[in-house]
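Next come the chains, spelled out residue by residue.
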Amino acid sequence: MFTTSVVGSFSRPKFLIDAFDDFSKGKVTKEQLEELLQDATKLIVKEEELAGLDVITDGEQRRTSFVSFVGQKIAGFKPVHIKELRPDALEVLRREKVQLTYWRAVATEPLKDSVIALDELQYSKTITDRQIKITLPSPYLVMWETWHSERSRAVYPEPEDLAKDYAKILRREILRLKDAGVAFVQLDEPMLGDLVEASETEPDRYRRVIEQIHGQKYRGFREEARLARDLVNEAVQGVQGVRIGMHMDRWPNADSPNYGVGYEKLFPEVLDIKVKQFVLEYASPGSGDPVRFAEALDGQEMALGVVQVMDRRVEEPQEIVSRAEGLAKLLGPERVWLVPDCGFAPGMYRGFPKSVAFAKLKSMVAAAGILRKKFS
Ligand SMILES: [Zn+2]
């Protein structure tokens with residue numbers, strides 16, 4: 001009942017950010033960087049254990065960004081600075097109030113089957129006995145983030161061609177992770193979550209920005225939802241014996257016409273995505289009502305975002321209890337997990353004070369204790 005976990009990332013310690021920079025300048029060797037990566041991972045894993053979490057991650061310490069790291073792992077992607085894709089890219093981001101990773105993984109060669117996160121799992125298993133969650137970028141997200149109209153077209157004429165190739169690699173990686181004993185594979189799909197902000201004819205701000213910087217084209221609301229569904233289903237097809245979840249974000253602006261509208265706007269397609277668990281942001285204001293989404297579920301679990309990852313105020317356990325209670329009455333306490341809204345640092349340079357993150361997690365674990373008593 002009320003399994004506690006995280007969405008994925010934690011702030012990188014300063015020594016690690018410095019080491020990444022020094023490594024790119026050739027001032028730090030691969031062995032030296034590896035040792036610091038292991039140190040940083042040990043710190044985070046220990047912190048998650050001390051907070052009392054049931055299912056933990058490695059804090060994504062090895063990744064420079066939750067999506068662009070595929071560029072370092074999978075042969076076929078090339079890291080390209082956003083200004084090389086469009087000289088005035090930073091102005092576009094400012095104008096649309098959107099944050100994108102500056103170093104972008106762009107598909108320039110056919111993708112080759114490669115390990116994406118198996119190495120992360122293998123290392124984590126040497127330092128903890130807890131159940132381990134591995135997060136992986138979803139194929140629909142990777143399609144929008146990495147296909148470029150000029151640079152990718154020679155190898156992948158359409159973005160969908162790239163996405164299908166990536167989905168195949170993803171499926172193989174999920175099977176590898178399963179064989180290595182992963183407890184949970186989470187597919188990160190913020191792009192589908194952002195679609196809540198779009199209309200049939202008008203894309204949301206993220207797609208609008210990528211249209212301008214990557215030369216992609218919005219297909220319309222329904223077609224986008226269908227495509228996301230089909231791509232995820234292709235990646236998880238026939239995979240059994242491992243819990244697979246999908247994470248979506250909202251981050252609505254206060255002046256958005258969709259403020260307060262939840263992921264139910266993605267019905268029915270989202271409900272046909274064959275995952276065991278939906279990991280959803282609900283603590284941040286304007287994200288909608290989780291009950292509206294949960295009412296339509298058919299046996300799946302929901303990991304409910306109960307603490308915010310931008311706001312530094314530490315939520316009280318009682319506040320978290322009241323957020324989760326109604327949902328647990330509807331779904332049953334075994335189908336409700338408690339998580340923060342999102343990763344605490346999806347990109348390496350995005351810092352969130354670790355002491356605050358730790359206090360929030362402690363509060364969440366305390367709430368799980370109260371809820372377990374209430375429901376047993
Ligand atoms: Zn997220």
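Here we summarise the structure given alongside this text. Nothing here was measured: the structure is a model prediction, and the numbers come from that model. (Residues numbered from 1 in each chain as written. Predicted model: local features only at pLDDT ≥ 70, side-chain atom pairs only at ≥ 80, totals over all residues. Heavy atoms only, no water.)

Helix and strand counts for the protein chain come out as 14 helices and nine strands. Taken over the C-alpha atoms alone, the protein chain extends approximately 60 × 50 × 40 Å along its principal axes. A buried classification covers 59% of the 376 residues belonging to the protein chain. Considering only residue pairs separated by 6 or more positions, the protein chain has 79% of its internal contacts joining residues 24 or more positions apart. Taken as a whole, the protein chain presents about 15,200 Å² of accessible surface, with 50% of it coming from carbon and sulfur. Positive and negative side-chain charges in the protein chain, numbering 55 and 59 respectively, have mean positions lying 1 Å apart. (Helix = DSSP H or I, 4+ residues; strand = E, 2+ residues; numbered from the N terminus. Buried < 20%, exposed > 50% of the residue type's maximum accessible area, 1.4 Å probe, protein only. Contact = heavy atoms within 4.5 Å. Areas by Shrake-Rupley, 256 points an atom, 1.4 Å probe, with all protein chains shown as cover. Lys, Arg positive; Asp, Glu negative; His and termini not counted. Charge placed at Lys NZ, Arg CZ, Asp CG, Glu CD.)

Right, let's get into the environment of Phe-66. On the secondary structure map, Phe-66 appears in the loop between strand E1 (55–56) and helix H3 (70–73). On a C-alpha basis, the gap between Phe-66 and Gly-8 in space is 8.8 Å, while along the polypeptide they are 58 residues apart. Dropping the residues within four chain positions of it, Phe-66 is found in contact with Glu-60, Pro-137, Leu-141, Asp-188, Pro-190 and Pro-346.

Counted by the stated rule, this structure contains eight aromatic pairs. Ring centres of Tyr-263 and Phe-293 lie 6.3 Å apart, and the angle between their planes is 80°; this geometry places the pair in the edge-to-face category. In this pair, Tyr-263 is assigned in the loop between strand E6 (243–248) and strand E7 (277–280) and Phe-293 in helix H12 (residues 290–294), connecting sequence segments 30 residues apart. Both residues of the pair, Tyr-263 and Phe-293, belong to the buried class. Three or more aromatic residues link up through ring pairs in this structure, and these residues are Tyr-263, Phe-267, Phe-278, Tyr-282 and Phe-293. (Phe/Tyr/Trp six-rings, centres within 6.5 Å; stacked < 30°, edge-to-face > 60°.)

Here we take up unusual backbone geometry. Backbone torsion omega between Phe-267 and Pro-268 reads 0°, so that peptide bond is classified as cis. Relative to the assigned elements, Pro-268 resides in the loop between E6 and E7. The backbone of Phe-2 sits at a positive phi, close to 50°, despite the residue not being glycine. Its location among the elements puts Phe-2 in the segment before helix H1 (14–24). One non-glycine residue, Lys-97, lies in positive phi territory at about 55°. Mapped onto the secondary structure, Lys-97 falls in the loop between helix H5 (89–96) and strand E3 (103–107).

Moving on to the coordination of the zinc ion. Here the zinc ion is held by the protein donor atoms His-247 (NE2), Asp-249 (OD) and Cys-342 (SG), which lie 2.0 to 2.1 Å from it. As a motif over one chain, the donors of the zinc ion read H-x1-D-x92-C. With Asp-249 in the loop between E6 and E7 and Cys-342 in the loop between strand E9 (336–340) and helix H14 (354–375), this pair connects stretches of sequence that are 93 residues apart. Of the residues examined, Asp-249 reaches a relative accessible area of 5% and is grouped as buried. A residue is classified by how much of its surface remains accessible, and Cys-342, at 8% relative accessible area, is buried. (Donors = N, O, S within 2.8 Å, 3.2 Å for Na, K, Ca; no water.)

This part covers the side chain of Glu-281. With respect to the helices and strands, Glu-281 occurs in the loop between E7 and H12. Although buried, Glu-281 forms no salt bridge, and the nearest oppositely charged side chain, Arg-250, lies 6.9 Å from it. Side-chain polar atoms of Glu-281 contact the backbone nitrogen of Trp-251, separated by 3.2 Å. Residue contacts for Glu-281: discarding those within four places in its chain leaves Met-248, Asp-249, Arg-250, Trp-251, Tyr-263, Ser-287 and Asp-341. (Salt bridge = Lys/Arg side-chain N within 4 Å of Asp/Glu carboxyl O. Polar contact = N/O pair within 3.5 Å; in protein donor to acceptor, adjacent residues only side chain to side chain.)

With the rule as written, the count across this model stands at 25 salt bridges. Here Glu-223 makes a salt bridge to Arg-226, at a shortest N to O gap of 2.7 Å. Of the two residues, Glu-223 and Arg-226 are both situated in helix H11 (residues 221–236); the distance of three residues between them amounts to about one turn of the helix. The exposure class of Glu-223 is partly exposed, given its relative accessible area of 35%. Put simply, Arg-243 and Glu-301 hold a salt bridge, and the shortest N to O gap is 2.7 Å. A residue pair is termed long-range when its members are at least 10 positions apart, and Arg-243 in strand E6 and Glu-301 in strand E8 (residues 301–307) qualify at 58 residues. With relative accessibility at 29%, the residue Arg-243 sits in the partly exposed group. Within this structure, Asp-113, Arg-172, Glu-173 and Arg-176 form a network of salt bridges that share partners.

Looking now at the pairing of strand E4 (residues 131–137). Burial analysis of E4 places six of its seven residues in the buried class, which makes it a mostly covered element. Two strands pair when backbone bridges link them, and E1 and E4 are joined in this way by two bridges, in the parallel orientation. The partner of Val-55 across the bridge, within E4, is Gln-131. As paired elements, E4 and strand E5 (residues 184–188) share five bridges and run parallel to each other. Within the sheet, the bridge partner assigned to Leu-136 lies in E5 and is Leu-187. (Pairing = 2+ DSSP bridges.)

Attention now goes to the layout of surface pockets. In this model, the second largest pocket occupies a volume close to 250 Å³. Glu-96, Lys-97, Glu-197, Asp-204, Arg-205, Arg-208, Asn-253, Asp-255, Ser-256, Pro-257 and Asn-258 are the residues that line the second largest pocket. (1 Å grid on protein atoms, 1.4 Å probe; cavity = no way out; pocket = protein on both sides within 12 Å on 5 of 7 lines; lining within 4 Å. Points joined across faces, edges and corners; volume = space filled by probe spheres on them.)

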